[in-house]
Amino acid sequence: MDCYKDFASMYDLFMDETPYEAWGEWIVSRLKEHKIDSGLVLDLGCGTGTITEYLAAAGYDMIGLDASEEMLNVALSKKEESGADILYLCQDMREMELYGTVAAVVSVCDSINYVTEPEELKEVFKLVNNYLDPEGLFLFDFNTDHKYRECIGDRTIAENREEGSFIWENSYDEESRINEYALTVFKATENGLYEKMEELHYQRGYTLSEIKELLKEAGLVFLKAYDGETHKEAGETSERIYVLAREWGKSENGASRSNKV
């Protein structure tokens, strides 16, 4: 079963309490803090484009990239309604190809956790470094091993609404560090019946130390890690962590630099 195939049409309904606006405000603040007030920004794993739209409205020239055609179809519908100037690309982040470099790359809502092999995540980070402007910014979040192991692993979450219902069954393997969640969605139809949809999703729990090492091996420079809830310094009990990193290896005049800091 494919991730975010059938569920794409219901995704925004069940994510309507997600604090996207607060996330967007915080992301823009970090970008401006690092002197990125405009220019091209890539939303990596953009999903249905909510954050992409927010950043476009904040004045950035946006590219949204996601592997799910169905999620991007929802994003395109939002673009048509808002009139935002956004380029959407249907690509796997592990093999992404852009037309040039960007001022910043952002990735939120644990898109990084869907890359379940550390070596593949390192390749994603290498690609990010390759497509960033000199000293461009990479801002992303990830769910921690602690969150899967102590908070949501082996839990079942369910929600029932008039438009539909879902059952989300988690199962975390501490040895492989893979969280499997079986998602069952019931979507209301016009004839009063419900259509049943099922998907399997897999995410890997990472530690901050692992992320730092992968960034280093990919050539990026780690800057700071924030707790996803408090935005203070990330700690051992942080469930979601925001990471700031920057490009290394290019210079303003096009000459390459050695990977030393």
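None of the values given here were measured: they were computed from a predicted structure.

1. Details of the overall build of the protein
Secondary structure assignment for the protein yields seven helices and 11 strands. Here the C-alpha atoms of the protein give a radius of gyration of 18 Å, agreeing with the 18 Å that 2.2 N^0.38 yields for 261 residues. Dimensions of the protein, computed from the C-alpha atoms along their principal axes, are close to 65 × 45 × 30 Å. Across the 261 residues that make up the protein, the buried fraction comes to 50%. Contacts in the protein between residues at least 24 apart in sequence constitute 64% of all its contacts with a sequence separation of at least 6.

2. Some words on the packing of aromatic side chains
Geometry of an aromatic ring pair is reported as the spacing of the ring centres plus the angle between the planes. This model, assessed by the stated rule, comprises eight aromatic pairs. Seen in terms of ring centroids, Tyr148 and Tyr172 are 5.6 Å apart; in terms of plane orientation they differ by 25 degrees. Their pairing is stacked. In this pair, Tyr148 is assigned in helix α6 (residues 145–152) and Tyr172 in strand β7 (residues 164–173), connecting sequence segments 24 residues apart. In this structure, Tyr148 and Tyr172 share a single accessibility class: buried. What links up through ring pairs into an aromatic cluster is the set Trp26, Tyr226 and Tyr242.

3. Some details on the nonpolar core
Counting residues in each nonpolar core, the largest one holds 40 residues, and the members touching the most others are Ile27, Leu55, Tyr60 and Val185. The leading source of residues in this core is helix α2 (residues 20–33), at six residues. Here Tyr60 is in contact with Val28, Leu31, Lys32, Ile36, Asp37, Ser38, Gly39, Val41 and Leu55, once residues within four sequence places are set aside.

4. Regarding the pattern of salt bridges
Applying the stated criterion to the full structure yields 16 salt bridges. Between Asp37 and Lys32 there is a salt bridge, with the nearest N and O atoms lying 3.9 Å from each other. The class for Asp37 is partly exposed, based on a relative accessible area of 45%. A relative accessible area of 37% means that Lys32 is categorised as partly exposed. In this structure, the salt-bridge partner of Asp145 is Arg177, at a minimum N-O distance of 3.2 Å. Residue Asp145 is found in helix α6, and its partner Arg177 is found in the loop between β7 and β8 (178–188); the two are separated by 32 residues along the sequence. Like Arg177, Asp145 is buried. Linked by salt bridges that have partners in common, Asp145, Arg149, Glu150, Arg177 and Glu210 make up one network.

The rules behind each value
Residue positions are given per chain, counting from 1 as you read along its sequence in written order. A pLDDT threshold of at least 70 governs which residues receive local features in this predicted model, and a stricter bar of 80 or more applies before side-chain atom pairs are shown or counted, although totals over entire chains, interfaces and linings include all residues. Side-chain metrics rest on all non-hydrogen atoms present in the structure, leaving aside hydrogens and water. Segments assigned H or I by DSSP are reported as helices when at least four residues long, segments assigned E as strands when at least two residues long, and all are numbered from the N terminus. Computation of the radius of gyration draws on C-alpha atoms alone. For the globule rule, the value is 2.2 Å times the number of residues to the power 0.38. Three labels apply to residues, based on accessible area from a 1.4 Å probe with only protein chains included: buried if under 20% of the type maximum, exposed if over 50%, partly exposed otherwise in between. Note on contacts: a residue pair qualifies if any of its non-hydrogen atoms lie within 4.5 Å across the two residues. Two rings belonging to Phe, Tyr or Trp (six-membered ring only in the last case) form a pair when the distance between their centres is within 6.5 Å. Interplanar angles under 30 degrees mark stacking, angles over 60 mark edge-to-face geometry, and anything in between is tilted. Nonpolar cores are built from buried Ala, Val, Leu, Ile, Met, Phe, Trp, Tyr and Cys residues. Side-chain atoms within 4.5 Å join them into one set. The salt bridge criterion pairs a side-chain nitrogen of Lys or Arg with a carboxyl oxygen of Asp or Glu, the two atoms within 4 Å.

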